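Topology and contacts: notes
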Amino acid sequence: MALNTEKNVKLYYSIREVAKQFGINESTLRYWETEFPHLKPKVNAQNVRHYTQADIDKVAVIYNLVKRRGFKLSAARKMMDKNPQGAERSADVLSMLTNVRDELQELKRQLDGMV
């Protein structure tokens, strides 16, 4: 078994951490769990949710479909059922484009500061 050298990697994230990461309410995540059978975080005996990185990736896909692209919940659920790879790729592409935009805006700010 290989030793995990990355200290920042967590196995489980709280619902508060995941909600903060996406800028949504914890109640929204709980509701999405009822609407999307794909999203099932681990729940311990005290009903505390523990999200894995795979769960967070699913939340990212749902967030992309519902919040960014404006899908209704039923349409997003159908999209994830019929074409899960396409929905994931779409979320990945949008994330990359957002990162590129942010980097370009930062570069523009730096260039504007030089003038």
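Keep in mind that this is a model prediction, so the values were computed, not measured.

Here we take up the overall build of the chain. Within the chain, the regular secondary structure consists of 5 helices and 2 strands. Starting at the N terminus, the α and β elements of the chain follow one another as α-α-β-β-α-α-α. A burial count over the chain gives 26% of its 115 residues as buried. A separation of at least 24 residues holds for 52% of the contacts in the chain among residues at least 6 apart in sequence.

This paragraph deals with helix α3 (residues 53-68). Residues separated by three or four positions in an α-helix point in the same direction, a consequence of the helix having 3.6 residues per turn. The terminal C-alpha atoms of α3 lie 21 Å apart, and with 16 residues this matches the ideal 22 Å at 1.5 Å per residue to within 8%. Of the residues making up α3, those classed as buried are Asp55, Ile56, Val59, Val61, Ile62, Tyr63, Asn64, Leu65 and Val66. Glycine 70 lies just past α3 and shows a positive phi near 80 degrees.

Evaluated as defined, the whole model comprises 8 salt bridges. With a closest N to O distance of 3.3 Å, arginine 16 and glutamate 26 form a salt bridge. Of this pair, arginine 16 sits in helix α1 (residues 15-22) while glutamate 26 sits in helix α2 (residues 26-35), placing them 10 residues apart in sequence. By relative accessible area, glutamate 26 is classed as partly exposed at 23%. A salt bridge links arginine 77 to glutamate 35, with the shortest nitrogen-to-oxygen separation between them at 3.0 Å. Here arginine 77 is found in helix α4 (residues 73-82), whereas its partner glutamate 35 is found in helix α2, with 42 residues between them in sequence. Several salt bridges converge on common partners, so that one network encompasses Arg16, Glu26 and Arg30.

On average, the chain scores 85 in pLDDT, and the residues at 70 or more come to 89%. Model confidence for the chain, summarised as mean pLDDT per element, is weakest for helix α5 (residues 84-114) at 80 and strongest for α2 at 94.

Turning next to a nonpolar patch on the surface. Judged by side-chain polarity, Val100, Leu104, Leu107, Leu111, Met114 and Val115 come together as a nonpolar surface patch covering roughly 680 Å² of accessible area. Locating methionine 114 in the fold gives a position in helix α5. A residue is classified by how much of its surface remains accessible, and methionine 114, at 68% relative accessible area, is exposed.

What counts, and where the lines are drawn
Residues numbered from 1 in each chain as written. Predicted model: local features only at pLDDT ≥ 70, side-chain atom pairs only at ≥ 80, totals over all residues. Heavy atoms only, no water. Helix = DSSP H or I, 4+ residues; strand = E, 2+ residues; numbered from the N terminus. Buried < 20%, exposed > 50% of the residue type's maximum accessible area, 1.4 Å probe, protein only. Contact = heavy atoms within 4.5 Å. Expected span 1.5 Å × (residues − 1). Salt bridge = Lys/Arg side-chain N within 4 Å of Asp/Glu carboxyl O. pLDDT = per-residue confidence, 0-100. Patch = residues over 30% accessible without salt bridge, like charges linked within 9 Å, V, L, I, M, F, W, Y side chains within 5 Å. Areas by Shrake-Rupley, 256 points an atom, 1.4 Å probe, with all protein chains shown as cover.

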